[in-house]
Amino acid sequence: MRARRGLLYMPGDDGHKIRKAAGLGVDCVCMDLEDGVAFDRKAEARATVAESLLTVDFGRSEKLVRVNAIGSGLEVPDLDALLSGGPDIRPDGIVLPKVEAANQVRWLSSRLSEAEAAQGWPEGGIGIFVLIETALGVVNVREILSAEPRLRAAIFGAEDLAGDIGMTRTRGAMEVLYARSAVVTHAAAFGLQAIDIVFVDFRDVEGLRAESLEGAGMGFSGKQLIHPAQVAPAQEAYTPSDEAVAKAIRIVEAFEANQREGRGAFALDGAMVDMPIVKAARRVLDRAGAAGRLTRVETSRGKDPRS
Ligand code: COA
Ligand code: MG
């Protein structure tokens, strides 16, 4: 599993921000062609993103591009700019906004398959990330997230959803709780990662940290980001702490020892441990491993010996 703790957007027509993002050590850089770009700058943005894919060194960051929604009339020229520029212009994944039906994901996947064949790229290598951010998208999340093996993650967009439904966005995000929970639950059901809401007040680092910890606690793998100052605190919040890792290792070790003695449930530090607790501990170790925080021995501790 790849760490996707932070997904940083920047307008695709802003070459300065793209180059800046490439040096931040963020897990995912997402160059935007959609709502972060003015209508009369779409062509400029396509050209800047294609040029950046060719010339900028993004290091270990995953290179994503958010295209315009299917049906906007902009999606085909967006994809053409990314997929027909030659074999050296290749995004790692496409972020598809405002997804409302499984056939939209399948349409994108077949365009990607054609490009992979034409450019000599490995089949199935370009990932799809779907943004669930409309009422219809939430209602159809089950068919959308089970549509395609190319899917890597579901991203939940609260601002668009609030506009679509007529909600008032609040700090605690209680108005989007149902949709936010639906996305993270369906993502887990289909083996996908889930990426949480944007925190728009980018000067408020403490608020961002709190919302990131909350998202991690809900089971999200990471968070959408809009400013460089958000990268380190968000990625830190989505990385299991040393204490959490130590505790998880103790749980897994104690579980294995108790299993050998024929006990499925046992007590550790005054609390009951059984299979669900062990699964949660293995998930902590998976995440720490993806974030590069484990030694090889610790990583192997996280693996379920039966899987
Ligand atoms: N990615 C990369 N670099 C960014 C960035 C981003 N998202 N946001 C800001 N920066 C850079 C700025 O260019 C500036 O660089 P410099 O110091 O070399 O000049 C530095 O970080 C500090 O930026 P700051 O002055 O604090 O912010 P700003 O006023 O330039 O920009 C926003 C504020 C909100 C316009 C900007 O953060 C932004 O464009 N965010 C992303 C918007 C977006 O993509 N929205 C669509 C998806 S939700
Ligand atoms: Mg949106």
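Residues numbered from 1 in each chain as written. Chains lettered and ligands numbered in written order. Predicted model: local features only at pLDDT ≥ 70, side-chain atom pairs only at ≥ 80, totals over all residues. Heavy atoms only, no water.

1. What about the pattern of salt bridges?
One pass over the full model with this rule turns up 26 salt bridges. A salt bridge links R41 to D13; its shortest N-O distance comes to 2.9 Å. Remark: D13 occurs in the loop between β1 (6–11) and α1 (15–22) and R41 occurs in the loop between β2 (28–32) and α2 (42–55); sequence separation between them is 28 residues. Note on R41: relative accessible area 32%, which makes it partly exposed. Of the charged contacts, one joins E159 and R169 as a salt bridge, the two residues approaching to 3.3 Å between their closest N and O atoms. Taken together, the residues E159 in helix α7 (residues 158–165) and R169 in the loop between α7 and α8 (177–189) connect sequence positions 10 residues apart. By relative accessible area, which is 24% here, R169 ends up partly exposed. Salt bridges sharing partners connect three or more residues here, namely D32, E34, D35, R66, K98 and D160. (Salt bridge = Lys/Arg side-chain N within 4 Å of Asp/Glu carboxyl O. Helix = DSSP H or I, 4+ residues; strand = E, 2+ residues; numbered from the N terminus. Buried < 20%, exposed > 50% of the residue type's maximum accessible area, 1.4 Å probe, protein only.)

2. Section: the coordination of the magnesium ion (ligand 2)
The coordination sphere of the magnesium ion (ligand 2), as far as protein atoms go, consists of E133 (OE) and D160 (OD), spread over 1.9 to 2.2 Å. Here E133 is found in the loop between β5 (127–132) and α5 (135–139), whereas its partner D160 is found in helix α7, with 27 residues between them in sequence. According to the relative accessible area criterion, E133 is buried, its value standing at 3%. With relative accessibility at 30%, the residue D160 sits in the partly exposed group. (Donors = N, O, S within 2.8 Å, 3.2 Å for Na, K, Ca; no water.)

3. Points about α2
Helix length check: α2, at 14 residues, gives a terminal C-alpha distance of 20 Å against a target of 20 Å (1.5 Å per residue), a fit within 8%. When we look at burial in α2, the residues that qualify are K42, A45, R46, T48, V49, A50, S52 and L53. Taken together, the buried residues of α2 touch α1, β2, β3 (62–66) and α3 (75–83). (Expected span 1.5 Å × (residues − 1). Contact = heavy atoms within 4.5 Å.)

4. A short note on the packing of helix α11 (residues 242–260) against helix α12 (residues 275–290)
Between α11 and α12, the shortest axis-to-axis distance is 9 Å and the interhelical angle comes to 135°. As judged from the angle between their axes, α11 and α12 are oblique. Of the two elements, α11 crosses α12, and the hand of that crossing is left-handed. On α12, the residues that touch A244, V245, A248, I249, I251, V252, F255 and E256 of α11 are M275, I277, V278, A281, R282, V284, L285 and A288. Split into classes, the residues belonging to the contact of α11 with α12 amount to 14 nonpolar, no polar and 2 charged. (Axes fitted to C-alpha atoms, helices over the stretch in contact; angles between N-to-C directions. Parallel < 35°, antiparallel > 145°, perpendicular 65-115°, else oblique. Left-handed = near helix turned anticlockwise from the far one by under 90°. Nonpolar A, V, L, I, M, F, W, Y, C, P; charged D, E, K, R; others polar.)

5. Section: the site of ligand 1
Taken together, 15 residues sit near ligand 1, with Y9, H16, K20, I226 and H227 positioned nearest. The contact in question runs from an oxygen atom of ligand 1 to an N or O atom on the side chain of H16, over 2.7 Å. Measuring from an oxygen atom of ligand 1, one finds a side-chain N or O atom of R203 at 3.2 Å. Bound to the protein, ligand 1 loses 63% of the 890 Å² it would expose on its own. Looking at the shell around ligand 1, the elements that each hand over two or more residues are β1 and α1. Examining the composition of the shell around ligand 1, we find that 4 residues originate from one element, β1, more than from any other. Looking at the shell around ligand 1 residue by residue, the classes come out as 7 nonpolar, 3 polar and 5 charged. (Near = heavy atom within 4 Å. Polar contact = N/O pair within 3.5 Å; in protein donor to acceptor, adjacent residues only side chain to side chain. Areas by Shrake-Rupley, 256 points an atom, 1.4 Å probe, with all protein chains shown as cover.)

6. So, the domain arrangement of the chain
For the chain, the assigned domains are domain 1 (6–237) and domain 2 (242–300). Summarising the inter-unit geometry, the C-alpha centres of domain 1 and domain 2 are found 32 Å apart. (Domains from an automatic or database assignment.)

7. Side note on the pairing of strand β4 (residues 93–96)
The two faces of β4 match: G93 and V95 on one face and I94 and L96 on the other face are all buried. With 3 bridges connecting them, β3 and β4 associate as parallel partners. Among the inter-strand pairings, V65 is bridged to a residue of β4, identified as I94. Handedness of the crossover joining β3 and β4 through α3 is recorded here as right-handed. Where β4 and β5 come together, 4 bridges link them in parallel fashion. Pairing of G93 across the sheet is with G127, part of β5. (Pairing = 2+ DSSP bridges. Right-handed = clockwise from strand over helix to strand, strands pointing away.)

8. Regarding the packing of aromatic side chains
Following the criterion strictly, the structure yields 0 aromatic pairs and no others. Sitting over the ring of F39, K42 keeps its end group 5.5 Å from the ring centre. (Phe/Tyr/Trp six-rings, centres within 6.5 Å; stacked < 30°, edge-to-face > 60°. Lys NZ or Arg CZ within 6 Å of the ring centre and 35° of its normal.)

9. Describing the nonpolar core
Judged by nonpolar contacts, the single largest core of 61 residues is most densely connected at M31 and V130. Element by element, the count of residues in this core is highest for helix α4 (residues 102–119), at 5 residues. Residues contacting V130, with those up to four places away along its chain left out, are L96, V99, V105, I144, L145, L151, A153, A154 and I155. Ranked by size, the runner-up nonpolar core spans 15 residues in total, among them A254, F255, F266 and V273. (Core = buried A, V, L, I, M, F, W, Y, C linked by side-chain atoms within 4.5 Å.)

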